[in-house]
Amino acid sequence: MKVTQDLLADVAEVLLTEEQIAGKVAELGQRISADYAGRELTLVSVLKGSLPFMADLMRRISLPLRIDLMEVSSYGGTGTESSGLVRILKDLSAPIEGRDVLLVEDIIDTGLTLNYLIRYLKGKNPRSIKVCSLLDKPARRLVEIPIDYVGFEIPDAFVVGYGLDFGEVYRNLRFVGVLRPEAYES
Ligand code: PRP
């Protein structure tokens, strides 16, 4: 993969603007604040893609909460396809037993990563476990996952930005855009 110098030149189309994302994150934060009032909320961010979403979402939730971070990688797949085999690179740093856990994801594609993570975290005896994903790409789903909070349903396009990468690049774009085929075919 060539190292791109002009991130914007590789974007064919802006799918979600910075403003659209900010509006949706505020709306999700309000809903979560209402739903979890009086509960012991822990937000668990699944790195690295969910980093910008987590940072924005947590500041739109008006409740006392804890955050924790996990990092996983799927292995055995290709650069663009999950295999369903998940390796934990970084585990939770605090127990979640008895707590209400909300998993924060940037995108749900095949659902395999989350399917694994939900089962893994249930083994730690949280009081509840729910999912909040900024993006949902239902066309690619292989396993059904209950997504409790969804930002946007998107078509089956190769998207980057606001945390989402291709080859670890483009995560710092402030919008979500569709990558030009030339950028990932080269
Ligand atoms: C992305 C995303 C989810 C997963 C979704 O992570 O953040 O964790 O893929 O795909 P799935 O539904 O097909 O399992 P990725 O493995 O690209 O790692 P990253 O967050 O570090 O970019």
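Before reading further, recall that the structure is shown in the block above.
Let me sum up the structure you'll find in this document. (Residues numbered from 1 in each chain as written. Predicted model: local features only at pLDDT ≥ 70, side-chain atom pairs only at ≥ 80, totals over all residues. Heavy atoms only, no water.)

### Re the overall build of the protein chain
Across its full length, the protein chain carries four helices and nine strands. The helix and strand sequence of the protein chain, counted from the amino end, reads β-α-β-α-β-β-β-α-β-β-β-β-α. By the compact-globule yardstick of 16 Å for 186 residues, the protein chain fits well, its C-alpha radius of gyration being 16 Å. The C-alpha extent of the protein chain, read off along each of the three principal axes, is 50 × 35 × 25 Å. A burial count over the protein chain gives 45% of its 186 residues as buried. For the protein chain, the exposed area adds up to about 9,400 Å²; of that, 50% sits on carbon and sulfur atoms. Averaged over its 22 positive side-chain charges, the protein chain has a centre that lies 5 Å from the centre of its 27 negative ones. (Helix = DSSP H or I, 4+ residues; strand = E, 2+ residues; numbered from the N terminus. Rg over C-alpha atoms; globule rule 2.2 N^0.38 Å. Buried < 20%, exposed > 50% of the residue type's maximum accessible area, 1.4 Å probe, protein only. Areas by Shrake-Rupley, 256 points an atom, 1.4 Å probe, with all protein chains shown as cover. Lys, Arg positive; Asp, Glu negative; His and termini not counted. Charge placed at Lys NZ, Arg CZ, Asp CG, Glu CD.)

### Thoughts on the site of the ligand
Close to the ligand lie 15 residues; E105, D106, T110, G111 and T113 are nearest. A distance of 2.6 Å separates an oxygen atom of the ligand from a polar side-chain atom of E105. With the chains in place, 82% of the 500 Å² that the ligand exposes on its own is no longer accessible. Going through the elements one at a time, β5 (100–108) and α3 (112–122) are the ones with two or more residues in the shell around the ligand. (Near = heavy atom within 4 Å. Polar contact = N/O pair within 3.5 Å; in protein donor to acceptor, adjacent residues only side chain to side chain.)

### Examining the side chain of K137
Position of K137 relative to the elements: it lies in the loop between β6 (128–136) and β7 (149–153). Given a relative accessible area of 7%, K137 falls into the buried group. Within polar-contact distance, the side chain of K137 engages the backbone oxygen of A157 at 2.9 Å. When residues no more than four places from it in sequence are discounted, the contact partners of K137 are I107, I108, D109, I154, P155, D156 and A157. (Contact = heavy atoms within 4.5 Å.)

### Focus on the environment of D68
Secondary-structure assignment places D68 in strand β3 (residues 65–74). Counting along the chain gives 28 residues from D68 to I96, while the straight-line C-alpha distance between them is 9.6 Å. Every residue in contact with D68, bar those within four places of it in the chain, is listed here: T42, L43, V44, S45, M54, K90, L92, S93 and A94. At 2.9 Å, the side chain of D68 and the backbone nitrogen of S93 are in polar contact.

### Details of the sheet that holds β7
Read across the open sheet, the six strands follow the order β4-β3-β2-β5-β6-β7; overall the sheet is mixed. Either end of the sheet is taken by a strand with one partner, and the two such strands are β4 (86–90) and β7. When strand polarity is set aside, the average angle formed by the axes of neighbouring strands in this sheet is 30 degrees. Looking at chain direction, strand β2 (residues 41–47) and β3 are connected through seven bridges and run parallel. The partner of S45 across the bridge, within β3, is L69. Lying over the sheet, helix α2 (residues 51–58) contacts β2, β3, β5 and β6, oriented at roughly 160 degrees with respect to β2. Lying over the sheet, α3 contacts β2, β3, β4, β5 and β6, oriented at roughly 165 degrees with respect to β5. (Pairing = 2+ DSSP bridges. Axes fitted to C-alpha atoms, helices over the stretch in contact; angles between N-to-C directions.)

### A closer look at the sheet that holds strand β8 (residues 159–160)
Strand pairing within a sheet occurs via backbone hydrogen bonds; the two strands may be parallel or antiparallel. Strands sit in the order β1-β9-β8 across an open sheet of three strands; the sheet is antiparallel. Two strands lie at the open edges of the sheet, namely β1 (11–16) and β8, each paired on one side alone.

### Description of the packing of helix α1 (residues 18–35) against α2
In the contact formed by α1 and α2, the axes pass within 9 Å of each other and the chain directions differ by 55 degrees. Between α1 and α2, the angle is such that the two are oblique. The way α1 lies across α2 gives a crossing that is right-handed. The segment α1 lies against α2, with V25, L28, G29 and I32 engaging F53, D56 and L57. When grouped by side-chain class, the residues that make up the contact of α1 with α2 number five nonpolar, one polar and one charged. (Parallel < 35°, antiparallel > 145°, perpendicular 65-115°, else oblique. Left-handed = near helix turned anticlockwise from the far one by under 90°. Nonpolar A, V, L, I, M, F, W, Y, C, P; charged D, E, K, R; others polar.)

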